[in-house]
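Each chain, letter by letter, is given below.
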Amino acid sequence: MRIPFIAGNWKMYKTSAEAAAFAVAFKELYHDTDVKAAICAPFTQLETLVKAFEGTGIGVGAQNVHFEKEGAYTGEISAGMLQEIGVDYCIVGHSERRQYFGETDETVNCKLKTLLPTGIIPILCVGEVLEEREAGREQEVVRSQVMKAFEGIEGTDAEKVVIAYEPVWAIGTGRTASPQQANDMCGFIRTVLEDLYDDVISDRVVIQYGGSVKPENATEIMNMEEIDGALVGGASLDALKFSEIINF
Ligand code: PGA
């Protein structure tokens, strides 16, 4: 049984003081233990959140990681460093990183392989851009992203990965994929996993939808059969809105 999982992606928003204030407010509002929740915050806010959410069941995630264990990589953060401070999740391959920071399917694959042995759960983002959808190539693109991300990863590790289907044209645009479009792609991703592994493993993988999820559309999205959760950007910055999404 897959437990619904809703994660916030703060991107490059909130200072430590703002993160601490959010944590106080959100802890008051978070009651629903049937839904797993996490906040993926900037690196400098992670420790604050880990401490603030201790004992609440609310998870904390990073938004990126370097794929080497250590080394001369100025400005980078390793999986071990995240593990040491108690981080639970790490977003990998977000479209903004693919678009602005040279993230490729190969680096995404390396990052999954670095994270999995540490116990940090990767939230792997995949999704097509508008031109690809308009050309009817969305399944081909997403299939390729998934296959390359999981290259060389054993099924027992693969089943731990959370996948977030985020059509790039729906991120931060206010333009949500229709629940049916989102559901269809999440179902398609599960068939790709079934081809790569088997139906037992594909059945265990939690697949989220992301892209302009807000309190007003969360219920409809979360009620779709193939959608197990959501990756929420803008609406996760507000404790009340994020809690409303979790209590969809
Ligand atoms: P959004 O962002 O909810 O603001 O569209 C989603 C994401 O980028 O993960």
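Preceding this paragraph is the structure being described.
Conventions and cut-offs
- Along each chain, the written sequence defines residue order, and numbers are assigned to residues from 1.
- Residues qualify for local features only when their pLDDT is at least 70, as the model is predicted, and side-chain atom pairs are given and counted only at 80 or more; totals for whole chains, interfaces and linings, by contrast, use all residues.
- Each side-chain value is worked out from all heavy atoms of the structure, with water and hydrogens disregarded.
- The rule is simple: take the accessible area with a 1.4 Å probe, protein chains only, and divide by the maximum for that residue type; under 20% is buried, over 50% is exposed, in between is partly exposed.
- By the criteria applied, helices consist of DSSP H or I runs no shorter than four residues and strands consist of E runs no shorter than two, each listed in order from the N terminus.
- Whether two strands pair depends on DSSP finding at least two bridges between them.
- Orienting the strands away from the viewer, one traces the path from the first strand over the helix to the second; a clockwise path indicates a right-handed crossover.
- For helices, the fitted line uses only the C-alpha atoms of the stretch in contact; every axis is such a line through C-alpha atoms, and the angle between N-to-C directions lies from 0 to 180 degrees.
- In what follows, residue pairs with any heavy atoms lying within 4.5 Å of each other are defined as contacts.
- Only Phe, Tyr and Trp rings take part, Trp by its six-membered ring, and two of them pair if their centres are within 6.5 Å. Stacked means planes under 30 degrees apart, edge-to-face means over 60, and tilted covers everything else.
- Only when the NZ of Lys or the CZ of Arg is both within 6 Å of the ring centre and within 35 degrees of the ring normal is a charge said to sit over the ring.
- In this scheme, a helix's expected span is set at 1.5 Å multiplied by one less than its residue total.
- Throughout, the arc means the angular range of directions from the helix axis out to the C-beta atoms.

Turning to the pairing of strand β2 (residues 36–40), a few remarks are in order. By the criterion of burial, β2 is predominantly enclosed, with 4 of the 5 residues buried. As paired strands, strand β1 (residues 5–9) and β2 are joined by 5 bridges and run parallel to one another. The residue of β2 that forms the bridge with Gly8 is Ile39. Pairing of β2 with strand β3 (residues 59–62) involves 3 bridges; the strand directions are parallel. By the bridge assignment, Ile39 is partnered in β3 with Val60. Tracing the backbone out of β2, into helix α2 (residues 43–52) and back to the parallel element β3 gives a crossover that is right-handed.

This part takes up the sheet that holds β3. Sheet strands pair by backbone hydrogen bonding; their relative direction is either parallel or antiparallel. Read around the closed barrel, the 8 strands follow the order β1-β2-β3-β4-β5-β6-β7-β8; overall the barrel is parallel. Within the sheet, the average angular offset between the axes of one strand and its neighbour, ignoring direction, is 25°. Of the pairings in the sheet, the one linking strand β7 (residues 207–210) to strand β8 (residues 229–232) comprises 3 bridges and is parallel in character. From the neighbouring strand, Tyr209 faces β8, where its bridge partner is Ala230. Relative to the sheet, α2 contacts β2 and β3, its axis offset from that of β3 by approximately 170°.

Here we take up the packing of aromatic side chains. Summed over all chains, the structure comprises 9 aromatic pairs. For the pair Phe5 and Tyr89, a centre-to-centre distance of 4.7 Å together with 25° between the ring planes defines the contact as stacked. Taken together, the positions of Phe5 in strand β1 and Tyr89 in strand β4 (residues 89–92) put the pair 84 residues apart, joining distant regions of the chain. Assigned by exposure class, Phe5 and Tyr89 land together as buried. Residues Phe26 and Phe53 carry aromatic rings whose centres are separated by 6.3 Å and whose planes lie at 70° to one another, so their mutual orientation is edge-to-face. On the criterion of sequence distance, the pair formed by Phe26 in helix α1 (residues 16–29) and Phe53 in the loop between α2 and β3 is long-range, its members being 27 residues apart. The residues Phe26 and Phe53 share a single accessibility class, namely buried. Put simply, the rings of Trp10, Phe22, Phe26, Tyr30, Phe53 and Phe242 pair up and form one aromatic cluster. Of note, Lys14 hangs over the ring of Trp10, and the distance from its end group to the ring centre comes to 5.3 Å. Positioned above the aromatic ring of Phe101, the side-chain terminus of Arg97 is 4.2 Å from the ring centre.

The next point concerns α1. If you check α1, its first and last C-alpha atoms are 20 Å apart, about what 14 residues at 1.5 Å a residue would give, namely 20 Å. Within α1, burial applies to Ala19, Phe22, Ala23 and Phe26. Looking down the long axis of α1, one finds its buried residues gathered within 105° of arc, a one-sided arrangement. Exposed and oriented more than 90 degrees from the buried face of α1 are Ala17, Val24 and Glu28. Looking at the buried positions of α1, the neighbouring elements they touch are β2, α2 and α12 (239–246).

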